[in-house]
Amino acid sequence: MIVERSRDSGAVALSGGQSRPAAIATDGSVPSQPSAQNFLWRRMLIGAWKFVVGVVCTQSFLLSIVLAGWMQRWMQRVVVQQWWRRSRPTAGTSFRDFCLADAQTYPLGHWPNWVRGDHYDRGQPSSRCRCWFGSLAANFRVGLSVLLNTWVLTLPGCALWLFAWYDGWNNSFNKGYEQYWVGPITGWLGVLLFIGAMYYVPMAQARQAATGDWRSFYDFRLIARLVRREWFGSLVLASLYVIGSLPLAVLKTLPVALGVGLSWDRFTEKQLHSMTSAYFLACGGVFLGVLALTRYFAARLYARAIYDGVQAGVVSEDDLSAFEWETLHRLGLSRVYPPKLRPALVRSAAWLGTRAGQATAATLLSVLWFSFVAQVFISEFFNRNAAKGWLNQPLVQLPWFNFTPGHLQVNSSHRRTRSTPACPTADDNVRRRHRW
Amino acid sequence: MAMHTKHEITSSGASKSSASTSRRVFLENLAVGVGALAVAPTATTFAAPGTARLSSPARKPYRGPNVILVRFGGGVRRRETIDPQHTYAPYFCHELTRRGTLFKHMEISASPGIETSHGQGTLYLLTGKYDRYKDVGGKFLGQRFESKVPTLCEYLRETFALEDHETLVVNGEDRRDEEFYNFSNHTLYGVNFRSSTLSLHRFKTFLLRRQLDQGKWQGDLRSKKLQELRQLEALDYRTEGRDAQSAKLTQFWEHWREHYGDTGLRNPRGDRLLTELTLRALRELRPRFVMINYNDPDYVHWGNMTHYTRGISIIDEGLRQLVTAVEADPEYRDNTIFAIVPDCGRDTNPFAEVPCQHHFNSRSAREIFGLFFGPGIARNTVVDRKVEQIGVTTTLAHLMGFKAQYAEAPVFEEALT
């Protein structure tokens, strides 16, 4: 569950829309801690479970929405954790202790669940449904909201790519010289739109995760300010996307090479479907790792941007959500430090350096995101994946990494009573003449 | 023995002028020394358009069948062509196959280095020999190949007295490198026995030359257009830009220009253009050998399956027009052999959304077919035996009455009556 606290009433807004006085639990008790000895094993098992479920979620459209929501909730934890680390906590205290000490941050004491409600929810009266499926509902709701927000900014560019590819080659096939420009111009427009969106989207996703409010995705001024301030971090983040997407593009395209090399005549379509599904399930593990890395870095970048911005006075209290303000306040990080007085020359040099850095970063960011886009075009050339390959970029939008060909999915769903070869084999050993 | 010079090209396309000069000198001296065996001056000039070597013995006139070699390209599977249940070429599959001999199991060799692609497939058909071709300029994905052994047209013109406009290659605009497959680097054949190419590139070159001659541009623009013309002519570097088209070909392009204008926007496009060029060539140039390099099905590389199936249908319609035109012409009727063969197949990749999107040397990309019909060809016959694509060359050579000595496959005996 994503938790947000109202500054005015002190009430806590829960995922179910209820509000209640801030408290740790209904009966005031603190949940018991597992022993340290079992803690590590338990964490490893839980971590493995969460990873496996995450990989499975990458294979289906609906489950990938759940994965997107889980990622958002996890990012919120990462953001708060980063702030906690910067607060230089006293020895012997843990981040978990910090989270459990307050109702707002209580759910962040552990990694988000996939299905069952968090401990916080389980203490609620009349919440059996939330107890068993609270996290599943939260994951889906949050995932859907971040997906829709991301699509608002990125889908126009992707749609233009799809149109440009279709129309450009259609026009080329029909030798429509008079309209030769439509495909390329549309394609370039889509590329520019997508690159422009990607200046903004990663930080916006992190903001939405941290605040728990879908509206905060559209805090254009604040997010633009944060991106400008963290230009180097934005560069590194974009590089992560580009480098991370390279093996994914290879994995997406590899079946084409495997299909050429294999002697597949003896397999039925059901068997081929199983092979493809197993392949993309394995790829889902790689994809999930890359996705987690990019989201983790985005969360850290956002946390640092807010922290630095607040302390420099660039990010005001009004810019922050209630949850962010309360958390920073608890950690003692909401104090504004006046800027150090530096000689004018040093200040000018710093200003110039920052501006030059920002300008260079803007150019490099464009190049990096263009590389990301180029990978999409190249991988679609080698293995066209209908509309999905253009409209959905799993690392950015819906984390759905399954490119099983449609004809295998359709044909394997029609269960056959007996196995039949995928394609008839030619009888090569007969030497005869036919008379028609 | 008649002597002639050859302009030798390095792998980078540059001319080894000093080496060829030395060779010329050597050959001249050798010819002088032999004396009685030399029947003509050794130093030959680039043969005038339309004529064979000046020093050649008299060649007999060609009375054999006309041949139309259709490259059913660029890359088609058996499934969408000769499979009656799934064909997109119904005229070809249901009618033409009954008129001649269909080789259902023709294949391209699976030996290492033998690629299944358009340029390579075209040269396999023209030369009768598999080879490992590399772009002469070393360009990535370049398809500018040069054959080391003679092409069908060279054999034909070396054996019979044929002018260059009587052996034609009709080429599309998408694969310009294949324009220049019309002669090999072989020392005994080569440019003097080349076929002519009909294509939009040739028309553009003709048009530009004509417009410059007519003084259409002045000043800087004229210089720029001259530069353009040089660039167009330089593409055929082996002839060093001296490949002036014969009077017949010039007249052909004049008629084309009168009919379709200068813009290039009124003539048929894509593979339909190739059909139109061939039909006009049959009427005006009266060729004895034509190769048509159809290619539109290859657009499926970009992922749209309908381009593949539509391309096949367009070729099918083109075949209908060609056969109709041949049958309506008394000189061609009953005297023309059709050979219809793909340059390569396509993949049948179960793991790709579009299974036949590419042709990456898979088994399916090597599986093609061949159809022969016309005089001297067995009718209503299907051959199940596996045969090699390069056998097409030997078979056509046999039918035309010469020996393709560098071709490597035997004649398709089953096709002969």
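Everything below is about the structure printed above this text.
Before going into details, it helps to say that this report is about the structure given with it. Residue positions are counted from 1 within each chain, in the order its sequence is given. Whichever chain is written first becomes A and whichever ligand is written first becomes 1, with later ones labelled in order. Given that this is a predicted model, residues contribute local features only at a pLDDT of at least 70 and side-chain atom pairs are listed and counted only at 80 or more, while totals for whole chains, interfaces and linings are drawn from all residues. To get the side-chain values, take all heavy atoms of the structure and skip hydrogens and water.

1. Some points on the side chain of His359 of chain B
Residue and element names in this part refer to chain B.
Okay, step 1: For His359, the location among the structural elements is in the loop between strand E6 (336–341) and helix H10 (363–366).
Okay, step 2: In protein, a polar contact requires one atom able to donate a hydrogen and another able to accept it; more generally it is a pair of N or O atoms within 3.5 Å, and residues adjacent in sequence count only if both atoms are side-chain atoms. Polar contacts involving the side chain of His359 include one to the main-chain carbonyl oxygen of Thr116, which spans 2.9 Å.
Okay, step 3: The criterion used for residue contact is that any of the two residues' heavy atoms lie within 4.5 Å. Dropping the residues within four chain positions of it, His359 is found in contact with Thr116, Ser117, His118, Asp298, His301, Cys344, Gly345, Arg346, Asp347 and Ala365. For the purposes of this entry, the term helix denotes a DSSP run of H or I that reaches at least four residues, the term strand denotes a run of E that reaches at least two, and both are numbered from the N terminus.

2. Focus on a nonpolar patch on the surface
Residues and elements named next belong to chain A.
Okay, step 1: A cluster of nonpolar residues, Phe51, Val52, Val56, Leu63 and Leu281, forms a patch on the protein surface that exposes about 400 Å² of accessible area.
Okay, step 2: Broken down by element, the residue count for the nonpolar patch peaks at 3 residues, all from helix H1 (residues 36–57).
Okay, step 3: Examined against the element boundaries, Leu281 turns out to sit in helix H9 (residues 269–312).
Okay, step 4: The class of Leu281 is partly exposed, set by a relative accessible area of 36%. Patches in this entry comprise residues that are over 30% relatively accessible and not in a salt bridge; like charges within 9 Å are linked, as are nonpolar side chains (Val, Leu, Ile, Met, Phe, Trp, Tyr) within 5 Å. Per-residue and other accessible areas follow the Shrake-Rupley method at a 1.4 Å probe size, with only the shown protein chains counted as cover for residues. One side-chain nitrogen of Lys or Arg within 4 Å of one carboxyl oxygen of Asp or Glu is enough to make a salt bridge. Each residue is placed in one exposure class: buried if its accessible area under a 1.4 Å probe, protein chains only, is under 20% of its type's maximum, exposed if it is over 50%, and partly exposed if it falls in between.

3. So, the nonpolar core
Okay, step 1: By size, the foremost hydrophobic cluster in this structure holds 81 residues, and its most contacted members are Trp83 and Ile306 of chain A.
Okay, step 2: Here this core takes 16 residues from H9 of chain A, the largest share from any one element.
Okay, step 3: The residues touching Ile306 of chain A, leaving out its near neighbours within four places in the chain, are Trp83, Arg207, Leu226, Val315, Leu320, Glu324 and Leu328 of chain A.
Okay, step 4: Among the nonpolar cores identified, the runner-up in size contains 49 residues, and Leu156, Leu162, Ala404 and Leu416 of chain B belong to it. Definition used in this section: a nonpolar core is a set of buried Ala, Val, Leu, Ile, Met, Phe, Trp, Tyr and Cys residues joined via side-chain atoms within 4.5 Å.

4. A closer look at helix H6 (residues 182–211) of chain A
Residues and elements named next belong to chain A.
Okay, step 1: In this scheme, a helix's expected span is set at 1.5 Å multiplied by one less than its residue total. For H6, built from 30 residues, the straight-helix expectation of 44 Å at 1.5 Å per residue is met to within 8% by its first-to-last C-alpha distance of 42 Å.
Okay, step 2: Helix geometry: H6 is bent most strongly at Met198, by close to 35°, with proline Pro202 lying one to four residues after it.
Okay, step 3: Counting buried positions over the 30 residues of H6 gives 22, a clear majority of the element.
Okay, step 4: One or two steps after H6, the chain reaches Gly212, where phi turns positive at roughly 75°. At every residue, the bend is computed as the angle between two fitted axes, covering the seven residues ending there and the seven beginning there respectively.

5. Side note on the pairing of strand E7 (residues 367–373) of chain B
Residues and elements named next belong to chain B.
Okay, step 1: Counting buried positions over the 7 residues of E7 gives 7, a clear majority of the element.
Okay, step 2: Residues Glu367, Phe369, Leu371 and Phe373 point to one face of E7 and Ile368, Gly370 and Phe372 to the other, with burial holding for every one of them.
Okay, step 3: Alignment of strand E2 (residues 101–107) against E7, held across 5 bridges, turns out to be antiparallel. Bridging across to E7, Leu102 finds its partner in Leu371.
Okay, step 4: For two strands to be treated as a pair, DSSP must find at least two bridges joining them. In this structure, E6 lies alongside E7, joined through 3 bridges in antiparallel fashion. Among the inter-strand pairings, Ile340 is bridged to a residue of E7, identified as Leu371.

6. Considerations on helix H11 (residues 391–400) of chain B
All names here are of chain B.
Okay, step 1: With 9 of 10 residues buried, H11 is to be regarded as a mostly interior element.
Okay, step 2: All of the buried residues along H11 are Gly391, Val392, Thr393, Thr394, Thr395, Leu396, Ala397, Leu399 and Met400.
Okay, step 3: Positive backbone phi, approximately 95°, marks Gly401, located one or two places after H11.

7. Examining the interface of chain B and chain A
Okay, step 1: Between chain B and chain A, the contact holds 43 residues from the first and 45 residues from the second.
Okay, step 2: Carbon and sulfur atoms supply 58% of the area that chain B and chain A bury against each other, a total of about 4,000 Å² over both sides.
Okay, step 3: Put simply, Asp174 of chain B and Lys175 of chain A hold a salt bridge, and the shortest N to O gap is 3.0 Å.
Okay, step 4: Among the secondary structure elements, those contributing two or more residues to the side of chain B that touches chain A are helix H2 (90–99), helix H9 (305–328) and strand E8 (381–383) of chain B.
Okay, step 5: No other element matches H9 of chain B, which puts 4 residues into the side of chain B that touches chain A.
Okay, step 6: Nonpolar residues are Ala, Val, Leu, Ile, Met, Phe, Trp, Tyr, Cys and Pro. Charged residues are Asp, Glu, Lys and Arg, and all others, Gly as well, are polar. In terms of residue class, the side of chain B that touches chain A is made up of 12 nonpolar, 16 polar and 15 charged. Accessible area, probed at 1.4 Å, shrinks when two parts are joined; the buried area is that loss added up over both.

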